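Breakdown of the fold
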Amino acid sequence: MSYPVRDARRRIQDEHAAIVEGIDRCAAQVAEPWDTARTTDPNAVVDGLRGALEATGLLEQLPLVLSDIVDATGYGLQAQPVAAPPYVVVTSRGPVLRATIDPGRLVVRFDVFDIVRDREPTQPSAYRRRNGVQISVSLE
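Here goes a summary of the coordinates provided. Bear in mind that the values here come from a model prediction, so they are computed numbers and not experimental data. (Residues numbered from 1 in each chain as written. Predicted model: local features only at pLDDT ≥ 70, side-chain atom pairs only at ≥ 80, totals over all residues. Heavy atoms only, no water.)

**A word on unusual backbone geometry**
- Backbone torsion omega between Pro-85 and Pro-86 reads 10°, so that peptide bond is classified as cis.
- If you trace the backbone, Pro-86 turns up in the loop between helix 4 (58-73) and strand 2 (88-90). (Helix = DSSP H or I, 4+ residues; strand = E, 2+ residues; numbered from the N terminus.)

Here's what the structure looks like:
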C-alpha cells in the first residue's frame with residue numbers, strides 16, 4: 001500500500017532541507033524592513049517573496065523539488081512542472097507546490113507567513129512572519 005503524503009513529507013525532510021532553509025531566509029529578507037512585526041500589504045508579501053525566491057534561484061528549483069517529491073510517492077506526473085501555476089504558486093503564506101497524481105491532487109505548502117485577521121471586518125488582514133517554515137503535505 002502506498003502512503004503518498006508520508007512519502008512526500010519524508011522526501012522533503014531527507015533531501016530538501018537546503019530548499020526549506022532557503023525559503024526561510026527569503027521570508028526573513030522580506031520581513032526585515034517592516035517597521036513592525038506585521039504588514040497589511042499582501043502585495044509586499046507576495047511580490048517580495050517571489051522576488052527573493054527568484055533572486056536566489058529557488059523559484060526555478062521548486063519544480064524540480066515537486067518532481068522529486070512525486071517520484072518519492074511512486075506516482076508520475078503527466079507533464080514536466082514549471083515555476084508557475086498550476087505547479088508552483090507563491091501566496092501570501094508562502095510557496096505552494098501542486099501536482100495531480102493518480103490518487104488525487106498532492107499539495108505541499110511551505111508557510112512562512114501567518115494571516116492575522118482583525119476582529120473588525122472593515123480592517124484589512126495583516127501578515128506576520130512565522131518562526132521558521134511550517135511544511136504541510138496533503139492529498140486532496
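**Quick look at the packing of helix 1 (residues 4-15) against helix 4**
- Closest axis-to-axis distance for the helix 1/helix 4 pair is 8 Å, and the angle between their directions is 130°. Classed by the angle they form, the pair helix 1 and helix 4 counts as oblique. Crossing geometry of helix 1 relative to helix 4 is assigned as right-handed. Every residue of helix 4 that contacts helix 1 at Pro-4, Asp-7, Ala-8, Arg-11, Ile-12 and Glu-15 is listed here: Asp-68, Ile-69, Ala-72 and Thr-73. (Axes fitted to C-alpha atoms, helices over the stretch in contact; angles between N-to-C directions. Parallel < 35°, antiparallel > 145°, perpendicular 65-115°, else oblique. Left-handed = near helix turned anticlockwise from the far one by under 90°. Contact = heavy atoms within 4.5 Å.)

**Quick word on helix 2 (residues 17-31)**
- End to end, helix 2 covers 21 Å across 15 residues, agreeing with the expected 21 Å (1.5 Å per residue, within 8%).
- Along helix 2, the residues that are buried comprise Ile-19, Val-20, Gly-22, Ile-23, Cys-26, Ala-27, Val-30 and Ala-31.
- Tucked inside the fold, the buried residues of helix 2 contact helix 1, helix 3 (42-56), helix 4, strand 3 (95-101), strand 4 (104-116) and strand 5 (126-139). (Expected span 1.5 Å × (residues − 1). Buried < 20%, exposed > 50% of the residue type's maximum accessible area, 1.4 Å probe, protein only.)

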